[in-house]
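# Understanding the architecture of this molecule
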Amino acid sequence: MLLNEHKSKQLFHIIGVPVPAGEAVFPGGEDDFKPEFPLPWFLKSQVLSGGRGKAGGILRIDDAADFADTARTLFALDIKGHFVPFIRVEPKADIAREFYLSLTVSRERRCILLTVGRQGGVEIENLGADNLLVQEIRLPGGPAPNQLRAAFFHLGLDRERLEDFAALVTALFEGMLSKGLLMAEINPLIITPDNTFVALDGKVEIDDNYADLNPEMETFYQREHASPEENTARDAGLSFVKLPGWVGLMVNGAGLAMATMDLLNFSGLPAANFLDLGGGADQKRMETALELLFGDRRAKAIFINLFGGILSCEKVALAMKDALGGRSPRKPIVVRMSGKDAESGLAILEDLNVDNLHMVGNMQSALRILDTLKPAEEPVIEFPAPMDRPAGKRPADCGHLSRERFDIGRDTPILVQGITGREGRLHTRLMQEYGANVAAGVTPFKGGRDVLGVPVYNSIAEAARNHEIGASIIFVPPRMAADAVAEAALNEIPWAVCITEGIVQHEMLAAFEQIKHSPTRVVGPNTPGIIVPGQTKIGILPTTPFMPGPVAVLSRSGTLTYEVAYRLTSAGIGQSLCVGIGGDPFIGMNFVDMFEMIRNHDETRAVVVLGEIGGKAEEDLAEYVMATGFDKPVVSFIAGQTAPPGKRLGHAGAILEKGGTIDSKLETMCKAGFAVCPSLGAVAKMTADVLK
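Residues numbered from 1 in each chain as written. Predicted model: local features only at pLDDT ≥ 70, side-chain atom pairs only at ≥ 80, totals over all residues. Heavy atoms only, no water.

### Here we look at the packing of helix α17 (residues 591-598) against helix α18 (residues 617-628)
- Contact geometry for α17 and α18: axes closest at 9 Å, N-to-C directions at 35°. Between α17, through Phe591, Val592, Phe595 and Glu596, and α18, the contact on the second element is made entirely by Ala617, Glu618, Asp620, Leu621, Tyr624 and Val625.
- Grouping the constituent residues of the contact of α17 with α18 by class yields 7 nonpolar, no polar and 3 charged. (Axes fitted to C-alpha atoms, helices over the stretch in contact; angles between N-to-C directions. Helix = DSSP H or I, 4+ residues; strand = E, 2+ residues; numbered from the N terminus. Contact = heavy atoms within 4.5 Å. Nonpolar A, V, L, I, M, F, W, Y, C, P; charged D, E, K, R; others polar.)

Structure follows, in structure tokens:
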């Protein structure tokens, strides 16, 4: 949740960071505005894009009589495609000096960065190498006294200001933790002639997971910055992003949604939106999703692409049946269902016998129908065609030795953390039905009970005294999940698989710092888990897409894993193991860690890597493969290649940074000898080719 300046300053004031006086003025209120602070005033447009000053979005007036007309001028502005919903009015500040100060969560460095600059203002990164000082702060601690002094001396402040400066940074840091902030930027931070620090401008980003867990944070959300459709989707718990095409898109799972968006865009059927149903599709959510797509004037037809994993296609079809109420949809809908209960789901929709509803069982059939629905008047939206990128030469064996082993098999004893909860109980049963060896469960204060024949203990320490434990699987609510991971690791359980999604990023960073010396291999959080086809599963993965074979599948997306496994299995290519490494920004085992094990895994002859935009996991893997001479063929697919820069698509980890390109990711993978698939449809064939 990115805040505008006004909301950022409200939050700064709450956490004890000094801000100037200021008031918000909305259209219609400009004629009655009479502040208590003196002239001159600065009228500041409140938008989420940068560069508002250069765009004329900040104006000064010296006469109150000029206020209303000046405000109306700002309300009429378009700043980089953003209208101005309201302005913040402040008195002129007295500035002795100005600086830059920020705290940001760094995905790359896995810590919080404290950054100070001797100069503030726009494009501070271009003000010279000596301007900025960046220091790493490790959680759960805060900035050390020496770090505060280093920042203070870098700014060249008077000795008498050290105590005030330290108090300011400490307040900002404590506020960052207490309010779940991913970024707290003050630019500029000024010091006034009377030696007071003031945040003259600010920008804050709140962790969406923290906001979901703490409803009081909703007061900082400015609905005017989003479209009505985006607000409706947000209220319904749907992930929705408007796009410029004409095919409305509804998919379950962010990874599959991104891959489907790419397929439409590359096929000349550009997507009008990104809409991820997530793991639930009851009637209310389905009604909301359909109303969003029916109400979008850009969407001329709708493509619903579902792969039934945990989500049942039959249940989705029943929800869709109820949402349509026996009527033909207002726009043509093409429905592709595959996986769990797909046949019964499609049959339910066929039995509706209504116009404008087309049911198919595969992607190619869906594309053919959508092509017949293409509006003649639609302008062409060009996307660079996905290239068949031939794999580079496989790196030579460098003699790299690894002692890591993938040691999960049919006899691995499993502990279920949160076994007495609904999800824990459900998936314990499903794991048992697949043949998994569930040995024990843990739920605090529920010790002594029995769930599905599995003894329950109050703690892992207690369970470990009575059972050998090879792996733990975590079904614990987000507020307690990071601590549950730490409990498994501090008890040195060999594997800890964290299914939970929605964990606050600070809490996972702190947990990983706490367990950094533990031998436990943490998978996730926000992972579907691990399956060794034909032997065991430690997770929530559906079992029908998988069969034993020679190919390891590693993925950042759950539904995309099921889709690709299904395609491989349909082509007669089985899997040696499948691991979802997790879709969050901060995870345990990454692709490189898994490759260290797979290189010694005799059952694996090739690896399929399913990546996404955002982060550097795939580039890091490619560098590892080149550096160590990994000698097994690698097939890769990246979802989200046509995503608009700066938009977050479902997973917290899936965001294409502004200024970055997908090409560098793909080129690095090709250079490492990966066979890079242009589409999902190519994965099975290219895998078969490398196995030859």
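### Some remarks on the sheet that holds strand β2 (residues 23-25)
- On the basis of which strands lie adjacent, the open sheet formed by 4 strands has the order β2-β7-β3-β4 and antiparallel pairing. Here the strands that pair on one side only, and so sit at the sheet edges, are β2 and β4 (58-61). This sheet shows a mean twist of 25° between the axes of neighbouring strands, independent of strand direction.
- Pairing analysis gives 3 bridges linking β2 to strand β7 (residues 87-91), with the strands arranged antiparallel. Of the residues in β7, the one forming a bridge with Val25 is Ile87.
- Against the sheet, helix α1 (residues 5-15) contacts β2, β3 (41-45) and β7, and its axis sits at roughly 55° relative to β7.
- Contacts between helix α2 (residues 67-75) and the sheet are confined to β2, β3, β4 and β7, with β3 contributing the most and set at about 20° to the helix. (Pairing = 2+ DSSP bridges.)

### With respect to the pairing of strand β20 (residues 413-417)
- The element β20 is largely enclosed, with a buried count of 5 among its 5 residues.
- By the alternation rule, side chains of β20 split into Pro413, Leu415 and Gln417 and Ile414 and Val416, which are all buried.
- In this sheet, strand β21 (residues 437-442) lies alongside β20 in parallel orientation, the contact comprising 5 bridges. Residue pairing for β21: Ile414 is matched across the bridge by Val438.
- Handedness of the crossover joining β20 and β21 through helix α12 (residues 422-434) is recorded here as right-handed. (Buried < 20%, exposed > 50% of the residue type's maximum accessible area, 1.4 Å probe, protein only. Right-handed = clockwise from strand over helix to strand, strands pointing away.)

### A few points about the side chain of Thr115
- Assignment of secondary structure puts Thr115 in strand β9 (residues 111-117).
- Residues within four places of Thr115 in sequence aside, it is in contact with Tyr100, Leu101, Ser102, Leu132, Leu133 and Val134.

### A word on unusual backbone geometry
- The omega angle of the peptide bond from Asn187 to Pro188 is 10°, so this bond is cis rather than trans.
- Positionally, Pro188 belongs in strand β11 (residues 181-191).
- Following Gly524, the chain continues to Pro525 via a peptide bond in cis, the omega torsion being 15°.
- Within the element layout of this structure, Pro525 appears in the loop between β26 (521-523) and β27 (529-532).

### Description of the packing of helix α3 (residues 145-155) against helix α4 (residues 162-178)
- Taken N-terminus to C-terminus, the directions of α3 and α4 make an angle of 120°; their axes are 10 Å apart at the nearest point. Between α3 and α4, the angle is such that the two are oblique. Handedness of the α3/α4 crossing: right-handed. Every residue of α4 that contacts α3 at Leu148, Ala151, Phe152 and Leu155 is listed here: Leu162, Phe165, Ala166, Val169 and Thr170.
- Residue composition of the contact of α3 with α4, by class: 8 nonpolar, 1 polar and no charged. (Parallel < 35°, antiparallel > 145°, perpendicular 65-115°, else oblique. Left-handed = near helix turned anticlockwise from the far one by under 90°.)

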